[in-house]
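# Observations on the model geometry
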4 protein chains.
Amino acid sequence: LSSESAAFDSGLLSPLSFGHDAVVSDDAVVDALVTAEVALVRGLAAVGAATPDVADEVSRALGWQEGAGCRSHGVDASRLAAAAVGGGNPVIPLVGVLRERVPEPDRPWIHRGATSQDVLDTALMLIARTALERITPDLERAADVLARLAAEHRDTPAAARTLTQHAVPTTVGARAAGWVRGIRRAASRLSDIREQLPVQIGGAAGTLAATADEFGADTAAALPGAVADELRLRTPDAPWHTERWPVTELADALVQVVGALGKLATDVATLSRTEIAELAEGAGGGSSAMPQKQNPVSSVLLRSAALRAPQLGATLHLAAALAADERPDGAWHAEWPTLRELLRLTLGAAAHAVALAEGLRVDREAVARNLALTGGLLVSERLARVLVPRIGTDRFAALIANGTGDDLAATLRAVPEAADLDIAELLDPAAYTGLAGTFADAAVPEDRR
Amino acid sequence: LSSESAAFDSGLLSPLSFGHDAVVSDDAVVDALVTAEVALVRGLAAVGAATPDVADEVSRALGWQEGAGCRSHGVDASRLAAAAVGGGNPVIPLVGVLRERVPEPDRPWIHRGATSQDVLDTALMLIARTALERITPDLERAADVLARLAAEHRDTPAAARTLTQHAVPTTVGARAAGWVRGIRRAASRLSDIREQLPVQIGGAAGTLAATADEFGADTAAALPGAVADELRLRTPDAPWHTERWPVTELADALVQVVGALGKLATDVATLSRTEIAELAEGAGGGSSAMPQKQNPVSSVLLRSAALRAPQLGATLHLAAALAADERPDGAWHAEWPTLRELLRLTLGAAAHAVALAEGLRVDREAVARNLALTGGLLVSERLARVLVPRIGTDRFAALIANGTGDDLAATLRAVPEAADLDIAELLDPAAYTGLAGTFADAAVPEDRR
Amino acid sequence: LSSESAAFDSGLLSPLSFGHDAVVSDDAVVDALVTAEVALVRGLAAVGAATPDVADEVSRALGWQEGAGCRSHGVDASRLAAAAVGGGNPVIPLVGVLRERVPEPDRPWIHRGATSQDVLDTALMLIARTALERITPDLERAADVLARLAAEHRDTPAAARTLTQHAVPTTVGARAAGWVRGIRRAASRLSDIREQLPVQIGGAAGTLAATADEFGADTAAALPGAVADELRLRTPDAPWHTERWPVTELADALVQVVGALGKLATDVATLSRTEIAELAEGAGGGSSAMPQKQNPVSSVLLRSAALRAPQLGATLHLAAALAADERPDGAWHAEWPTLRELLRLTLGAAAHAVALAEGLRVDREAVARNLALTGGLLVSERLARVLVPRIGTDRFAALIANGTGDDLAATLRAVPEAADLDIAELLDPAAYTGLAGTFADAAVPEDRR
Amino acid sequence: LSSESAAFDSGLLSPLSFGHDAVVSDDAVVDALVTAEVALVRGLAAVGAATPDVADEVSRALGWQEGAGCRSHGVDASRLAAAAVGGGNPVIPLVGVLRERVPEPDRPWIHRGATSQDVLDTALMLIARTALERITPDLERAADVLARLAAEHRDTPAAARTLTQHAVPTTVGARAAGWVRGIRRAASRLSDIREQLPVQIGGAAGTLAATADEFGADTAAALPGAVADELRLRTPDAPWHTERWPVTELADALVQVVGALGKLATDVATLSRTEIAELAEGAGGGSSAMPQKQNPVSSVLLRSAALRAPQLGATLHLAAALAADERPDGAWHAEWPTLRELLRLTLGAAAHAVALAEGLRVDREAVARNLALTGGLLVSERLARVLVPRIGTDRFAALIANGTGDDLAATLRAVPEAADLDIAELLDPAAYTGLAGTFADAAVPEDRR
């Protein structure tokens, strides 16, 4: 294989994730596959099946590093990919490659008692763990920055919009606090998942028969835990080769993360519109044709991820539901690239969320201008409550239908029944933001408010 | 509206859910909408905004029953549906209808300070709660029955299949225990969700401005909790009008349930095949043309749900990601029928899972016949471990390539290097099931093993 | 079955389709099922297997009307739904019901040689045909109305927006012409599909064995065509019981229709935003809380459909791909409600598109105001072409970075190298709309331009 | 960028497409992007805007080859990917890179009047065209080989299965003919699409304003056709920057192809099951643990594609429906990787379909054994027709409920009313295959039957 043909995808069509996705690249998957194989040998030693020497020699030969797994093993991803076609999965040729790389007497210990799925599932959990370790801090950072924005603009009144139309006032801070809540909820779910990522050690059909047959049932029963310890993964109650909730629950959390960021990005893109202009990304993107453009690029890329992630999640749920027999005829294979792409999207989305949050600028003037745009109609809900009892529904409706801006204030002042009202206060959007401030506060740790 | 036009869907194309989905029907949604509106008035009374009398009168007029919500309110679903078209949601006309049904002085208290989304979101959480209260016991029942099956067949050896081919032995019990684990995991997640279903009380744009303006911020802040108490829903940290995790987390759990049952159904359908025949549904379905057919109807219907649910979940995640502004321009509306259909599928799936589990029959003879089908090749993994060290890889491969059935036993007995081996024991699938028994046990409460 | 329990869905959560979807309701499906059964008998007579008398008697007994199928047959959808659960499909009990309703000697002719799938697939094609007959004129009407708008605003310059930002000018007419092209393309594809909807007559497993066995191969071979003629459906090359392109190609076209309308609705919703206000739906929807609101309800409902349809289409493609054996174990059953819901969405979407198009108002003032918003930067692409050769890239960039509005004109006039240029013309957006007019024309039949 | 980081995906998790997807790799996309840029310059020369010399020099400098586009341009995919992040698309940096590579006086002609979307959309159509040129012959080849199989086994009776159960007889040939019809239909649709792939030339917002402004409206109007001619693409009626049917119709056809192959693979996987064993892939895949395994690897990989493709298609439809404004804020970006992955899947699927078809083996013995499995019940539909008139429904049902195999023949011979019947013929599945032979013939060109 020429190295040129090897790089099917070097990120050209994935500007969202470029520079953030190496931890789930093919190279990273190979690292994780080798790491899983070595951890198996180490686990066999830990439970007394193999000698410590075997584990040490294999670890050394394949570049095992405590806490980091295997990196300098020399297995080439694209060659492995080529060799994977025949059997339909990369572990089958990997076993042969690894056996060649360890001392001859240790060879039988490579992949002993295991099946391809053990190694591939465990490897995918490993790269998921690494990815989650990157994503979570990014989410926390984005949330913290946005929480500061919420605090800063706790009381900046702004038009709230429903079904595209100005509705009533809210505050910039309340809106930002909503983003924070969404991101933190997703981040928290992702953290829970990270603690639960399980090792997969089941043997050919999830019974650990080979290990039990050779080393006894107790040793076999102890093996998954021993391998999990090597990898800092969780020991599952039983192999999950065809009960795929570890995959779908991970996917659900990833889709939720991308969705929470998609909501943020959707609002930022909308509020960055030339006519609205309340928000701007710090570093707007350029255009190949129009020199004046400042595009909300991070929002656009985040939204592109938000449009894709749910269907990737659906594929993983389908695969789980169709996980026939003791290894299914297609569903398992559909998971690999799908889960990986979902991790990639989430990595890129989290990184762009930080950039977006850190650069986000609020144009107070635009916020105020938009707030005044309907000339008081923004508080018509309030006006209705105060005025309908005084002038009746019909006169109120007529008043609303005609009035805008200064006209409305003047019109109201001309209403005899409203003579005692402070019209300016009544029309002040800042006086009609309800609990917006409280909700903004909730996004900010108490010591920072 | 003629009654004929009213019943767009009376279940004709949904045999899965027919008879199980009334709790999420349009009538049930109307009940929940009315219940939410009454609970709002009761909540306003609870926080001191309204008098107890108002709450009592409204409750009485609209058929509120403690713990059961409103049923005998006389609001017709199809008429409401017709009136909903203009504004694009059924709450707008509902408010008018309800005001007509309460004593004149109480009318202003209906929907006071609320917005359509408050009522519709809360109503959807109410029907979700009711649905989950039905689904969970069904899942537990199905899991319990299957756990008994796992116990009964703890040690019944059976062929495990990977990529459609016989692989190694497992046990019927281990397979059933896998189903149990998948169902229980999903059920447990659904139970968690049920405790978290939140009320929605946010007012026009999630600030509770109308309530705060009229009754003060403290009263407004207390209102969601008061309404939640009336409805046995959770009080959220803030309105979730455009942070939609309550919807997507519910959806994720529902899809997981349907997926776990889909895995069960996929295995049952496969193992019910005429050629395999290890399993049979208790009451096979008939055919319009073929008198001998005994179709695995519950499995088929469950699988049809499993093929649909993931994409319904994807739609809900998309809607969440695109929940623009303070109420989005389409995403919210896309949720209603999608979430309801997902609840419907899950209700039907859970009910059919009970029927399937309770009627499921294991044909031990067929299990044994299939187990013997490859004449010992099923334990070739074991043979390899034992024989390769004695006769080398090449001779072993040749032996496997040729041997089947009694031939294999005879062939092995003819191998000089294997003279000391107990060939019958070596070829016995029951002696090569590893931890299958242990995994089967794990599905069964200790006192029942 | 009480009539209350029968109406699971009377449209309460489907304001998009309410009033437009009766042709695909359960009642309509029952009509189509009965029609298919009667057409089979008539087809059997047409090919000489049955006597004309049998066909006449059965037709009369079951309410066959030439060109309209069966309506007054008295088969109740909800009762049939209840009876469908056992066998998992409504045709099984339907056969018994119909036999009871025809003269005793004719009973054996009901469903003769057929299987459930023949009848249900044919019925779904029938309701699809009827739905398409409603959808296509609506699409044509919407396109015609929008084409008139394109003609009227052929030369109304407007800001074009890319990635949310003002880019260069376009015209209102060019934008409308884009909608027209999208809708007409989808409508044309739907029309092609309508001509291709096939009858399904295959017998138990797609071989027509029962018919061939009883009446001979030639008669059996002629039967599908004879039934197709009765129903104005196409005669397929062979039964398509598990080659499901008639379903997926229909679904693709429906999703394309909803997508084309989704693009229209997305633009209308965006351009209706309070700050943009270039467009308004004729009859804005009200709000339960905010008296001033004029919501773009049709756009919102259309967008809700656009968010749902693609995943419904995906389910149908999945079902097609998994159409195992001679009738699959779940995939076929997943099609029914999914295809029906997709038809329902498209019916509603087409109807709302007409309403939206007919009511759509262009606010020329707002269009002009937005056009001027960036004070000439909208034509910066043009300025670059003209000025960079005169003043170089750096000076041009500085000029663009600073200039807005009248300032820009003044700034340009102060540039010595631009002294000979007509600055007003250079900055005139109407002079930089390229082929917008031509593209607008293309949407309008020549005699109407 | 190190070369290591460059190869995010070298096919490790995509054994389906490895070796078949280079035509849609990042390198191929770069080739297509450069080709599109050069074609634009050539088109500008063709319409008289640029001189022939400019076109020649740019063509030479960037490696244009007649009929093959640009290959030896030296633009590195991974570097371009890195540079694409800032603006969110690779064309922005590409323009600068290409300008550096052409003679200084020609630089202004690169990307003249174009926008990123013109180049990227056109490039994606180019790689789609190349991919389709590979896919179609593979589909034709697979269909031809399967048609030969259909001819060979035109009259090989086999059990037809519905809802997993033996139903009635069919023939191996009829089943294969179904696959052929499905594949040919999809291939034909793909061929239609290939002829329709349009060039995209619209300028910044689809008006071609820059070109019209500089060279006149007629020249601008002629430009898309001129560029299309250079690239053998179709000239569209108008730019399709936000009317995305060229993308979705392509996607629909690709999903249909993968679905048709998914149906084939599903049948092959099912009929390859150890217990059924009627079919076997020529080169079964090995296992990392079980030496005897012969896995239907191509079927498994095809099925994995079939589970993924529909959701990729859904994403493209969503992107089309949400193509806001004159370039959308995320929807367009979501298309690139999704369409490319769908092309990749289809390339791999078509290649594997050829391998699968060419290697497919029918085990006539297994087919016959399964056919006999229910001992005559397979023709119970036929028995019912013949016997019910003689012995009544009840006696017939009892007979079917008890009888199997030779017993059934004996039982039937003992029925007095059946004394005149040829029981052996009546029970012969080969005599009850209806039009199976005719349908098998339809898949085979007349001269080959």
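In this text the structure is predicted, and so the values were computed from the model without any measurement.

Under the defined criterion, the tally for this structure stands at 132 salt bridges over all chains. A salt bridge links Asp329(B) to Arg303(C), with the nearest nitrogen and oxygen atoms 3.3 Å apart. Here Arg303(C) lies in helix α11 (residues 297-321) and Asp329(B) lies in the loop between α11 (297-321) and α12 (331-359), a pairing that spans two chains. Here the two residues Asp329(B) and Arg303(C) agree in accessibility, since each one is buried. Close ionic contact of Asp144(C) with Arg184(C) constitutes a salt bridge, the shortest N to O distance being 3.2 Å. Here Arg184(C) lies in helix α7 (residues 172-196) and Asp144(C) lies in helix α6 (residues 116-152), a separation of 40 residues in the sequence. For Asp144(C), a relative accessible area of 24% translates into the label partly exposed. Linked through salt bridges whose partners overlap, the residues forming this network are Asp9(A), Asp21(A), Arg308(A), Glu341(A), Arg344(A), Asp26(D) and Arg340(D).

Our next topic: the pairing of strand β4 (residues 165-171) of chain B. Each regular strand displays side chains that alternate between the two surfaces of the sheet. All names here are of chain B. Taken across its 7 residues, β4 has 7 buried, putting it largely inside the fold. Bridge count for strand β3 (residues 157-162) against β4 is 5 bridges, and the pairing is antiparallel. Looking at β4, one finds that proline 157 is bridged to threonine 171. Counted between consecutive antiparallel strands, the loop separating β3 from β4 contains 2 residues, among which leucine 163 sits at a positive phi close to 50°.

Of the transformation superimposing chain B on chain D, the axial component is 0.0 Å and the angular component is 180°, with the fit at an RMSD of 0.0 Å. Expressed as an axis order, the relation between the two copies is that of a two-fold axis. Among all C-alpha atoms of chain B, that of Glu275(B) lies closest to the rotation axis, at 3.0 Å. When the interface residues of chain B are mapped onto chain D, 100% of them again fall at the interface, so both copies present the same face.

Attention now moves to the interface of chain B and chain A. Counting residues at the interface gives 76 residues for chain B and 76 residues for chain A. Summing both sides of the interface, chain B and chain A together bury roughly 6500 Å²; the carbon and sulfur share of this comes to 59%. Contact with chain A buries surface across chain B, with Arg185(B), Lys263(B) and Asp325(B) losing the most and accounting together for 10% of the total. On the surface where chain B and chain A come into contact, there are 10 salt bridges. With a closest N to O distance of 3.1 Å, Arg189(A) and Asp252(B) form a salt bridge. In this structure, the connection of chain B to chain A is made through 40 residue pairs in polar contact (both at pLDDT 80 or more). If you tally residues by element for the side of chain B that touches chain A, the top one is helix α10 (residues 245-271) of chain B, at 12 residues. Grouping the constituent residues of the side of chain B that touches chain A by class yields 35 nonpolar, 20 polar and 21 charged.

We now examine the relation of the copies chain B and chain A. When chain B is fitted onto chain A, the two copies agree to an RMSD of 0.0 Å after a turn of 180° and an axial shift of 0.0 Å. When you check the interface residues of chain B against chain A, 100% turn up at the interface there too, and the contact is symmetric in its surfaces.

Residue and element names in this part refer to chain D. With respect to the element layout, alanine 204 can be found in the loop between α7 (172-196) and α8 (209-215). A relative accessible area of 4% places alanine 204 in the buried class. With 63 residues separating them along the chain, alanine 204 and arginine 141 place their C-alpha atoms 43 Å apart.

Here we take up the interface of chain B and chain D. Contacts between chain B and chain D engage 37 residues on the former and 37 residues on the latter. At the junction of chain B with chain D, the criterion picks out 2 salt bridges. Arg161(B) is paired through a salt bridge with Glu275(D); the nearest N and O atoms lie 2.7 Å apart. Among the elements of the structure, β3, β4, α10, α11 and α14 (380-402) of chain B are those that each provide at least two residues to the side of chain B that touches chain D.

Bringing the confidence of the model for chain A into the picture now. Keep in mind that low pLDDT regions are not for reading the predicted coordinates in detail. Averaged over chain A, the pLDDT score is 94; the fraction of residues at 70 or greater is 95%. Among the scores for the predicted complex, ipTM is 0.96 and pTM is 0.97.

Further remarks concern helix α11 (residues 297-321) of chain A. Note: α-helices contain 3.6 residues per turn, so residues at a spacing of three or four share the same orientation. Residues and elements named next belong to chain A. Given a rise of 1.5 Å per residue, 25 residues ought to cover 36 Å, and the 37 Å separating the end C-alpha atoms of α11 matches this to within 8%. Bending of α11 peaks at approximately 25° at the position of arginine 308, with proline proline 310 no more than four residues after it. Where burial is concerned, most of α11 is hidden: 25 out of the 25 residues are buried.

The next thing to look at is the packing of α11(C) against helix α12 (residues 331-359) of chain C. Residue and element names in this part refer to chain C. Put simply, α11 and α12 touch, their axes get as near as 9 Å, and they point 155° apart. Classed by the angle they form, the pair α11 and α12 counts as roughly antiparallel. The two elements α11 and α12 cross, and the hand of that crossing is left-handed. Contacts from Ser298, Ser299, Leu301, Leu302, Ala305, Arg308, Ala309, Leu312, Gly313, Thr315, Leu316 and Ala319 of α11 reach α12 at Ala331, Glu335, Thr338, Leu339, Glu341, Leu342, Leu345, Ala349, His352, Ala353, Ala355 and Leu356. The residue makeup of the contact of α11 with α12, split by class, is 15 nonpolar, 6 polar and 3 charged.

All names here are of chain B. Under the counting rule described, the total for this entry stands at 8 aromatic pairs over all chains. Here tryptophan 332 and tryptophan 336 contribute two aromatic rings whose centre-to-centre distance is 4.9 Å and whose plane-to-plane angle is 85°, an arrangement assigned as edge-to-face. Pair noted here: tryptophan 332 and tryptophan 336 are both in helix α12, with a separation of 4 residues, about one helical turn. Residue class for tryptophan 332 comes out buried when judged on its relative accessible area of 2%. Judged by its relative accessible area of 0%, tryptophan 336 falls in the buried class.

This part covers the side chain of Asp106(C). The topology assignment puts Asp106(C) in the loop between α5 (91-101) and α6. Although Asp106(C) is buried, it makes no salt bridge; Arg60(C) carries the closest opposite charge, 7.5 Å away.

Moving on, we get to the environment of Ala158(C). Residue and element names in this part refer to chain C. Within the element layout of this structure, alanine 158 appears in strand β3 (residues 157-162). A C-alpha to C-alpha distance of 9.2 Å links alanine 158 and glutamate 278, two positions 120 residues apart in sequence. The contact partners of alanine 158, leaving out residues within four places of it in the chain, are Val168, Pro169, Thr170, Thr171, Val172, Arg175, Val367 and Leu371.

Here is what the cut-offs are and how they apply
Residues numbered from 1 in each chain as written. Chains lettered and ligands numbered in written order. Predicted model: local features only at pLDDT ≥ 70, side-chain atom pairs only at ≥ 80, totals over all residues. Heavy atoms only, no water. Salt bridge = Lys/Arg side-chain N within 4 Å of Asp/Glu carboxyl O. Helix = DSSP H or I, 4+ residues; strand = E, 2+ residues; numbered from the N terminus. Buried < 20%, exposed > 50% of the residue type's maximum accessible area, 1.4 Å probe, protein only. Pairing = 2+ DSSP bridges. Least-squares fit on C-alpha atoms with pLDDT ≥ 70 in both. Contact = heavy atoms within 4.5 Å. Buried area = accessible area lost by both parts, 1.4 Å probe. Polar contact = N/O pair within 3.5 Å; in protein donor to acceptor, adjacent residues only side chain to side chain. Nonpolar A, V, L, I, M, F, W, Y, C, P; charged D, E, K, R; others polar. pLDDT = per-residue confidence, 0-100. Expected span 1.5 Å × (residues − 1). Bend = angle between axes of the 7 residues up to and from the residue. Axes fitted to C-alpha atoms, helices over the stretch in contact; angles between N-to-C directions. Parallel < 35°, antiparallel > 145°, perpendicular 65-115°, else oblique. Left-handed = near helix turned anticlockwise from the far one by under 90°. Phe/Tyr/Trp six-rings, centres within 6.5 Å; stacked < 30°, edge-to-face > 60°. Lys, Arg positive; Asp, Glu negative; His and termini not counted.

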